[in-house]
Amino acid sequence: MSILRDHIAFVTGAGAGIGRAGALAMAAEGALVIVTDRDDARAKAVAAEIRAAGGQAQAMALDVPLPVPSPPLPAAMAGSTCCIPMPGCRSPGGWKTSPPPRWMPAGR
């Protein structure tokens, strides 16, 4: 099945963990995946993994700050049909023990 054929998926935090899994799943469904991560090498490795499996992917280093800025957004987002935010949490104890301002976008 290729339910995402002709779609562009912009995935943040895609260098590892659930972000990587999301990027791989979207590529398996036919999307062109823009693989982003604060670690450029990890983003490039996941994009290469997608391409090796026959998918389409581009990699870019991106650190999504909190709160997430309204414009300017990366030019790579232009034309994307879905944005999958999967940023990690780098706090002692993880997100469960961190106060919401550390992991929750402003305005929620």
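Above this note sits the structure.
On a predicted model such as this, the values are computed, not experimentally measured, just so you know.

(A) Broad picture of helix α1 (residues 17-28). Taking 1.5 Å per residue, 12 residues should reach 16 Å; α1 reaches 17 Å between its end C-alpha atoms and fits that length. Looking one or two places after α1, you find G30, whose phi comes out positive at around 105°.

(B) Looking closely at the pattern of salt bridges. For the structure shown, the criterion picks out three salt bridges. In this structure, E49 and R20 form a salt bridge, with 2.6 Å as the shortest nitrogen-oxygen distance. Here the residue E49 occupies a position in helix α2 (residues 40-52), and R20 occupies one in helix α1, the gap between them amounting to 29 residues. Judged by relative accessible area, E49 falls into the partly exposed class, the value being 32%.

(C) How the structure looks around unusual backbone geometry. Of note, the phi angle at D6 is positive, near 75°, even though the residue is not glycine. Within the fold, D6 resides in the segment before β1 (8-12). For D6, a relative accessible area of 72% puts it in the exposed group.

(D) Fine view of the pairing of strand β3 (residues 56-61). The pairing of strand β2 (residues 32-37) with β3 spans six bridges and is parallel. Its bridge partner being in β3, T36 is matched across the sheet by M60. Between the parallel pair β2 and β3, the chain is carried across by α2, and the sense of this crossover is right-handed.

About the cut-offs
Residues numbered from 1 in each chain as written. Predicted model: local features only at pLDDT ≥ 70, side-chain atom pairs only at ≥ 80, totals over all residues. Heavy atoms only, no water. Helix = DSSP H or I, 4+ residues; strand = E, 2+ residues; numbered from the N terminus. Expected span 1.5 Å × (residues − 1). Salt bridge = Lys/Arg side-chain N within 4 Å of Asp/Glu carboxyl O. Buried < 20%, exposed > 50% of the residue type's maximum accessible area, 1.4 Å probe, protein only. Pairing = 2+ DSSP bridges. Right-handed = clockwise from strand over helix to strand, strands pointing away.

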